[in-house]
Amino acid sequence: MRICNIEEPEPLLEYLRTNGHVRSDEAPEFQKLSGGVSNRTVLVRRKGGGDLVIKQALEKLRVAVDWRSDPCRSHREALGLKWLARLTPAGRIPRLVFEDQENHLLAMNAVPEPHTNWKTDLLGGDVNEALVVQFGSLLGEIHRRAFESRDVIAPIFEDRTYFRTLRLEPYYEFAARRNPEASGFIQTLMVETDGIRETLVHGDYSPKNTLVHEGSVVLLDHEVIHWGDPAFDLGFSITHFVGKANHFGCAGGRYLNAARTHWTAYRGSVCGLFSGSEFEGRVVRHTLACLLARVDGRSPLEYLTALKSDRQRRIALDLMARTHDSVEGLFDALQFRLNQRLSCE
Ligand SMILES: Nc1ncnc2c1ncn2[C@@H]1O[C@H](COP(=O)(O)OP(=O)(O)O)[C@@H](O)[C@H]1O
Ligand SMILES: [Mg+2]
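Enquirer: Sorry if this is basic, but what is going on with the site of ligand 1 here?
Expert: In the neighbourhood of ligand 1, 22 residues make up the surrounding shell, with Asn-39, Lys-55, Val-111, Asn-209 and Asp-221 lying closest. Within the side chain of Asn-39, a nitrogen or oxygen atom sits 2.8 Å from an oxygen atom of ligand 1. Asp-221 is positioned such that a nitrogen or oxygen atom in its side chain is 2.8 Å from an oxygen atom of ligand 1. Bound to the protein, ligand 1 loses 93% of the 550 Å² it would expose on its own. Mapped by element, the contributors of at least two residues to the shell around ligand 1 are strand E2 (39-45), strand E3 (52-57) and strand E5 (105-109). For the shell around ligand 1, the per-class residue count stands at nine nonpolar, nine polar and four charged. Looking at which domains feed residues into the shell around ligand 1, each of domain 1 (9-109) and domain 2 (116-344) supplies at least three.

Written out as structure tokens, the structure is:
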């Protein structure tokens, strides 16, 4: 059965009943879940338990600028759910319940209430160090364990179409077009990252895609997952802590510390696999490119005002012109630059 829009309750109920996903006399409650920009997401509340979350990929993403991506990526997300669950401790990834490729949708078990979105907690000023450690360790575990099973996993995730259409073009290329002085740096980084096929890369590793339930993180949103450059996940995720450090200004030190803790936890969990100066150099470059992309790409951080975006842009551009010998060195430079700018403003 075709279902064009899972946000319409009547067709959704008929769809679920017809396909045997709920009993024919069952009347679940539906609730639209907001927060994402690239999918329709609906919580299906069932009496007696077994709540589901259904996600249907959109062709045109819900952002201010025109941004499109093939909705077949929902199949990639289903593969991500399956494989990530095998690579991570129980409870860190929702279980895939069913997939429907024709309708570009999937269903997974709902993370039980009560839970919070970690981005909301962080923006509310709650920086829980234990969760930062979990977040960094989980990323390291995914990178390490996927690498250890590379013969099986690499071929499944080798296609990088969605990484190109959802990350490289809208984040890196778009930001480079708006900042010609960063163009050389970003072009070189894109060529470099295109040549690296080391392990499973989540591609959307952020607090927004992390729920907190009973003191543990649960990772969501795997449609950009691919076999590639693990430094991208680090640059992308570190940027979320640095962006919040920028947002909180003089009170932002805790978020830079969280970035350091995240990196330390990651390193502990990869057990020396992804390390060394060449790797750290890549992490630094992805962090700088993401810092710029999150103000001048197609999906800017919505919590940054024009003044704060400008601060982040200037710092990223300035640091792109310098060399950094390590990720810790980058954190020191970011801390120095943020403090310097805050004292002048
Ligand atoms: N399994 C789940 N359990 C509970 N809530 C979920 C689940 N999956 C998604 N959500 C909620 O829906 C929101 C959007 O989901 P997400 O997978 O991030 O979609 P998008 O790809 O559109 O960003 C999440 O921020 C979260 O609040
Ligand atoms: Mg999301």
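On we go from here.
Enquirer: Just to check I follow, could you spell out the sheet that holds strand E6 (residues 116-117) for this structure?
Expert: Whenever strands of a sheet pair, they do so through backbone hydrogen bonds, lying parallel or antiparallel. On the basis of which strands lie adjacent, the open sheet formed by three strands has the order E6-E8-E9 and antiparallel pairing. Where the open sheet ends on each side, the last strands, each with one partner, are E6 and strand E9 (216-219). Pairing of E6 with strand E8 (residues 210-213), which is carried by two bridges, proceeds in the antiparallel orientation. Looking across to E8, one finds that Asn-117 is bridged to Leu-211. On top of the sheet, helix H4 (residues 129-148) reaches E8 and E9; it is set at about 45° to E9, its chief contact.

The rules behind the values
- Residues numbered from 1 in each chain as written.
- Chains lettered and ligands numbered in written order.
- Predicted model: local features only at pLDDT ≥ 70, side-chain atom pairs only at ≥ 80, totals over all residues.
- Heavy atoms only, no water.
- Near = heavy atom within 4 Å.
- Polar contact = N/O pair within 3.5 Å; in protein donor to acceptor, adjacent residues only side chain to side chain.
- Areas by Shrake-Rupley, 256 points an atom, 1.4 Å probe, with all protein chains shown as cover.
- Helix = DSSP H or I, 4+ residues; strand = E, 2+ residues; numbered from the N terminus.
- Nonpolar A, V, L, I, M, F, W, Y, C, P; charged D, E, K, R; others polar.
- Domains from an automatic or database assignment.
- Pairing = 2+ DSSP bridges.
- Contact = heavy atoms within 4.5 Å.
- Axes fitted to C-alpha atoms, helices over the stretch in contact; angles between N-to-C directions.

Shape is all these values report; function is a separate question.
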